[in-house]
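# Structural description and commentary
Residues per chain, in single letters:
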Amino acid sequence: MQSNDELLDYGRRNGNTVYHASCTCMMGPGAMCVVDSELRVHGLERLRVIDASVMPSVTSTNTNAPTIMIAEKGADMILAKARSAGSIVARAA
């Protein structure tokens, strides 16, 4: 029989996660949130976080598709802001 300390030591040496890193820069209005709904870092200008870290909670599936969606939406936001500021002229397709 193994002691609790031995089991804990084994877990620390051999444990790992199968989860993808996410939720470290949570999006939202709360005090624990890092970015707003437009992915801008609270309290800073001209800085956005556009990756899986903005997810407020871990998805129940692989993080690939939601991360691609976040990236697409973030790119759209940046382009829209640049266009409204007149720094990018829309090109005809």
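Refer to the structure presented above.
Described below are features of the structure shown in this document. (Residues numbered from 1 in each chain as written. Predicted model: local features only at pLDDT ≥ 70, side-chain atom pairs only at ≥ 80, totals over all residues. Heavy atoms only, no water.)

Here we come to helix 2 (residues 64-84). It helps to recall that an α-helix has 3.6 residues per turn; residues three or four apart then point in one direction. For helix 2, with 21 residues, the first-to-last C-alpha span of 30 Å sits near the 30 Å given by 1.5 Å per residue. If you check which residues of helix 2 are buried, you get I70, G74, M77 and A82. Here the buried residues of helix 2 occupy an arc of 130 degrees about the axis, which is enough to place them on one side. The exposed set on the far side of helix 2, more than 90 degrees from its buried face, consists of A65 and E72. (Helix = DSSP H or I, 4+ residues; strand = E, 2+ residues; numbered from the N terminus. Expected span 1.5 Å × (residues − 1). Buried < 20%, exposed > 50% of the residue type's maximum accessible area, 1.4 Å probe, protein only. Arc of directions from axis to C-beta.)

Glancing now at the pattern of salt bridges. For side chains bearing opposite charge, pairing can occur when the charged atoms are close. Inspection of every chain in the model, using the stated rule, returns 3 salt bridges. Across the pair D9 and R13 runs a salt bridge whose closest N-O atoms are separated by 2.9 Å. Linking D9 with R13, this pair stays in helix 1 (residues 4-14), spanning 4 residues, or about one helical turn. D9 gets classed as partly exposed once you look at its relative accessible area, which sits at 39%. The partner of D36 in a salt bridge is R40, and the shortest N-O contact between them spans 2.8 Å. (Salt bridge = Lys/Arg side-chain N within 4 Å of Asp/Glu carboxyl O.)

With respect to the element layout, D36 can be found in the loop between helix 1 and helix 2. Within the structure, the side chain of D36 is placed 2.8 Å from the side chain of R40, a separation counted as a polar contact. Those residues in contact with D36 that sit more than four places away from it in its chain are M27, G28 and H42. (Polar contact = N/O pair within 3.5 Å; in protein donor to acceptor, adjacent residues only side chain to side chain. Contact = heavy atoms within 4.5 Å.)

Right, let's talk about unusual backbone geometry for a bit. One non-glycine residue, C23, lies in positive phi territory at about 70 degrees. Within the secondary structure layout, C23 lies in the loop between helix 1 and helix 2. One non-glycine residue, L39, adopts positive backbone phi at about 65 degrees. Along the chain, L39 falls in the loop between helix 1 and helix 2. Look at L39 and you get buried, because its relative accessible area is 3%.

Before going further, it helps to spend a moment on the environment of T63. Along the chain, the position of T63 falls in the loop between helix 1 and helix 2. Between the C-alpha atom of T63 and that of H20, which follows or precedes it by 43 residues, the distance is 6.9 Å. Contact partners of T63, with chain neighbours within four places excluded, come to H20 and M55.

This part takes up the side chain of S22. Note that S22 resides in the loop between helix 1 and helix 2. If sequence neighbours within four positions are ignored, S22 has contacts with A52, S53, M55 and V58.

Everything listed is a geometric property; what it means functionally is a separate question.
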